[in-house]
Amino acid sequence: MGKLVINFQSEWIEDVNLKLGDTTIGRSPSCDIVLDDKSVSNEHAVVITVGVTSTIRDLGSTNGTFIENDRVQQHELRHGDMVTIGGHTLIYHDDLNLDAPVFGTRPGASTAPADSQEKTKVIPAFAQLLGVEGKDKGKRLPLVKEVVTLDNPGKNPARILRTTEGYVLHAQIGPGEPRLNDKPVPHGGQLLESGDIIEVAGTKFKVFK
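Residues numbered from 1 in each chain as written. Predicted model: local features only at pLDDT ≥ 70, side-chain atom pairs only at ≥ 80, totals over all residues. Heavy atoms only, no water.

A. Spatial organisation of the sheet that holds strand E1 (residues 3-8). If you walk across this open sheet you meet the six strands as E2-E1-E11-E10-E7-E8, and the pairing is antiparallel. What marks the edges here is a single partner per strand, and that holds for strand E2 (11-17) and strand E8 (70-72). Adjacent strand axes in the sheet meet at a mean angle of 30 degrees, parallel and antiparallel pairs treated alike. In terms of strand pairing, E1 meets E2 through six bridges, oriented antiparallel. From the neighbouring strand, Asn7 faces E2, where its bridge partner is Trp12. (Pairing = 2+ DSSP bridges. Helix = DSSP H or I, 4+ residues; strand = E, 2+ residues; numbered from the N terminus. Axes fitted to C-alpha atoms, helices over the stretch in contact; angles between N-to-C directions.)

B. Expanded view of the pairing of strand E21 (residues 197-200). Only one face of E21 is covered, namely the face carrying Ile198 and Val200; the face carrying Ile197 and Glu199 is uncovered. Bridging between strand E18 (residues 179-180) and E21 involves two bridges; their strand directions are antiparallel. When the sheet's bridge partners are listed, Leu180 is paired in E21 with Ile198. As paired elements, E21 and strand E22 (residues 203-208) share four bridges and run antiparallel to each other. The residue of E22 that forms the bridge with Ile197 is Lys206. (Buried < 20%, exposed > 50% of the residue type's maximum accessible area, 1.4 Å probe, protein only.)

C. Expanded view of the nonpolar core. Judged by nonpolar contacts, the single largest core of 21 residues is most densely connected at Leu129, Leu150, Ile160, Leu169, Leu192 and Ile198. Mapped onto this core, the elements with two or more residues apiece are strand E15 (147-150), strand E16 (158-162), strand E17 (167-170), E21 and E22. Ile6, Leu18, Ile33 and Ile67 belong to the second largest nonpolar core, which has 18 residues in total. (Core = buried A, V, L, I, M, F, W, Y, C linked by side-chain atoms within 4.5 Å.)

Quick look at the structure:
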């Protein structure tokens with residue numbers, strides 16, 4: 001079987017190996033691949049794998065399933081196909097032929113239980129910053145990396161750490177240093193909330209979750 005390489009806003013998130021049969025994709029926790037994204041339907045799409053062939057089928061989703069910007073109801077996946085669901089891009093990789101046995105050899109029997117399945121993959125929708133004022137107005141910055149640095153020429157930068165608790169902003173206190181909601185960033189950092197305004201080097205960013 002192939003795999004799906006899942007990206008959010010052009011940043012790699014997760015590789016998911018497909019299984020024989022149905023691999024469901026959606027926002028519902030019951031799906032095999034859970035995309036935590038409000039633009040994704042509860043049961044958005046399904047990838048049906050028979051032998052070495054995988055086909056994606058839209059399940060009547062509200063916002064659609066797209067292949068290379070074309071909305072599709074059903075599509076047989078080929079190596080390199082880019083599937084867009086909500087804010088996520090799923091790139092199909094068919095790597096089976098690289099490991100296919102040659103004639104005269106017998107593949108070893110699998111020692112895994114017949115009913116074993118991979119755990120459900122939960123793919124989060126990451127928060128992002130939107131430039132609302134200054135030179136980066138209109139620019140979107142997904143907070144996908146563990147640490148995102150906002151440059152502050154001549155001063156200390158702002159750093160946003162992605163933790164299990166959420167996104168935490170760290171910055172020095174002083175004239176010209178980054179500010180949060182027009183106030184100095186508290187010592188030890190501040191947990192960000194949707195709608196917060198971060199100001200760095202004359203540019204203001206709004207936090208979206």
